[in-house]
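# Structure at a glance
Listed below, chain by chain, are the residues.
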Amino acid sequence: MTERHATLSIDGNDLIELPISSGTAGHDVIDISKLGSTGNFTFDPGFMATASCESEITYIDGAKGILLHRGYPIDQLANNADYLEVCYILLHGDKPSQAEYDEFVALIKNHTMVHDQLFQFFKGFRRDAHPMAILCGVVGALSSFYHDSLDVNNPRHRDLSAIRLISKMPTLAAMSYKYSVGQPFVYPKNDLSYSENFLNMMFSVPAEDYKISPTIARAMDRIFTLHADHEQNASTSTVRLAGSSGANPFACIAAGIASLWGPAHGGANEACLTMLEEIGSVDRIEEYVAKAKDKSDPFRLMGFGHRVYKNHDPRATVMRETCHEVLSELKIDDPLLDVAMELERIALEDPYFIEKKLYPNVDFYSGIVMRAMGIPVSMFTVIFALSRTVGWISHWKEMLGQPGHKIGRPRQLYTGAAARDFESNAKK
Ligand code: SDX
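Described in the following lines is the structure provided in the data block. Computed from a prediction, not measured in an experiment: that's the story for all the values here.

### What about the overall build of the protein?
Regarding its fold elements, the protein presents 17 helices and 6 strands. Here the C-alpha radius of gyration of the protein, 23 Å, is about what a compact globule of 428 residues would show, namely 22 Å. Once the C-alpha set of the protein is aligned to its principal axes, its extents read approximately 75 × 70 × 60 Å. By residue count, 47% of the 428 residues in the protein fall in the buried class. The contacts of the protein with a sequence gap of at least 6 include a subset with a gap of at least 24, amounting to 70%. When the accessible surface of the protein is split by element, carbon and sulfur atoms take 53% of a total near 21,600 Å². A distance of 5 Å separates the average location of the 41 positive side-chain charges in the protein from that of its 53 negative side-chain charges.

Structure follows, in structure tokens:
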């Protein structure tokens, strides 16, 4: 196939030919890596039209509401695979055989415990510390326990770190919660499934066993799957940029957790529930929708809008179904769900939201489901981070496995002071 290219002309003069590449699906890309030689940079704050890398892991078509993990549609994975099977697919590129699945599950189970010395680490936090603050700190500290797997150029070390992170995130997440409520830590139990184990570490107490509801365990597993990966979102791009310098995997994942915490990103599920509680009743929705439309008001409807999805978020569709399943199974009549349903109806009919293509995203329903499951609001983003760890580490591994990968180092448009001499005004 003949190579296609774009020609950049400035003031009528052809400057450079830029090769165009096509992927399996989605937008073609114009390779501008040689553009600097013309004395020009591209300028794209927020990366609205910039592809930062080549990847085989996840594909999103925002216009059609499509999300594929290694080619498999998210709704089929959510309904027919469990989270660890999705982890295998994201890490290895294809679905596992029964033997490969069983081996992977056993491997994950063999790494669920954390070094006992970490228990001391938690004690440095205030009891009322946000669990995300604790998780961010503790995951970064893991690198001080695993000197045997920090050579990022060693594929075996990369694989071992990936397993350790996927295995230990539920343990650390549950410990972050237990510490914040003053209850003793609960050790992992390897006779439980991944989601059952997490729920048990979250909710069981020494005084009595925790009865695991299959409905809640299934919903938890589905929430893990729906949040597993999402292409080059802010936190995944943070992990890739940190990893491009050769930083160890635990530091990179801690950076991803920090980025995810923002309310515009993974913090939206917690912010969405706080917003629904603030709205409080259906008759106050109009007031808040007006605030969201008011340019002078920074308020936005948490759980609505998406940089890529300008159609429905396919994860929100599955999450909505899960939400109704959990609420009807548990016979929970949550007034906040009534507010959420009416807010969704109004927003989907409002010309402002239609024109700006603002649809409910995955965070809109995940908060309501988790609240129905008894998960405290402060843990919503922690669960997002737990789920997304496999996506982050898959992208980290993919980047380091690509020959010739470089450290990420964007340039800028400088609009500061021109060069000038310095004479101090301060008497020393
Ligand atoms: C996640 O990237 C990912 O893949 C993220 C994620 C993942 O899985 O990793 O999908 C997870 O982060 C989902 C998004 C969760 N965030 C929220 O729900 C927070 C509320 N949403 C907004 O903050 C916003 O929609 C973003 C941040 C999600 C997207 O912002 P963009 O693409 O940068 O769009 P924008 O902010 O430029 O908004 C476009 C227009 C603006 O109006 P104009 O300036 O054009 O007049 O839409 C308006 C915005 O004011 N707008 C909203 C709105 N979101 C955008 N107005 C009211 N309420 C909102 N929620």
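### Overview of the pattern of salt bridges
Within the structure shown, the criterion is met by 17 salt bridges. With a shortest N-O distance of 3.0 Å, Arg4 and Asp28 are connected by a salt bridge. Taken together, the residues span a long stretch of sequence, with Arg4 in strand S1 (residues 4-10) and Asp28 in the loop between strand S2 (13-21) and strand S3 (29-30) at a distance of 24 residues. Look at Asp28 and you get partly exposed, because its relative accessible area is 38%. Between Lys356 and Glu355 there is a salt bridge, with its nearest N and O atoms 3.7 Å apart. The class of Glu355 is exposed, set by a relative accessible area of 58%. One network of salt bridges, with partners in common, ties together Glu277, Asp334 and Arg371.

### Let's talk about the packing of helix H13 (residues 314-329) against helix H16 (residues 362-372)
Look at H13 against H16: their axes get within 8 Å of each other, and the N-to-C directions meet at 20 degrees. On the basis of their axis angle, the class for H13 and H16 is roughly parallel. Remark: the crossing between H13 and H16 carries left-handed chirality. Contacts between H13 and H16 pair Arg315, Ala316, Met319, Arg320, Thr322, Cys323, Val326 and Leu327 from the former with Val362, Tyr365, Ser366, Ile368, Val369 and Ala372 from the latter. Along the lines of polarity and charge, the residues of the contact of H13 with H16 split into 10 nonpolar, 2 polar and 2 charged.

Reading the values: the criteria
Residues numbered from 1 in each chain as written. Predicted model: local features only at pLDDT ≥ 70, side-chain atom pairs only at ≥ 80, totals over all residues. Heavy atoms only, no water. Helix = DSSP H or I, 4+ residues; strand = E, 2+ residues; numbered from the N terminus. Rg over C-alpha atoms; globule rule 2.2 N^0.38 Å. Buried < 20%, exposed > 50% of the residue type's maximum accessible area, 1.4 Å probe, protein only. Contact = heavy atoms within 4.5 Å. Areas by Shrake-Rupley, 256 points an atom, 1.4 Å probe, with all protein chains shown as cover. Lys, Arg positive; Asp, Glu negative; His and termini not counted. Charge placed at Lys NZ, Arg CZ, Asp CG, Glu CD. Salt bridge = Lys/Arg side-chain N within 4 Å of Asp/Glu carboxyl O. Axes fitted to C-alpha atoms, helices over the stretch in contact; angles between N-to-C directions. Parallel < 35°, antiparallel > 145°, perpendicular 65-115°, else oblique. Left-handed = near helix turned anticlockwise from the far one by under 90°. Nonpolar A, V, L, I, M, F, W, Y, C, P; charged D, E, K, R; others polar.

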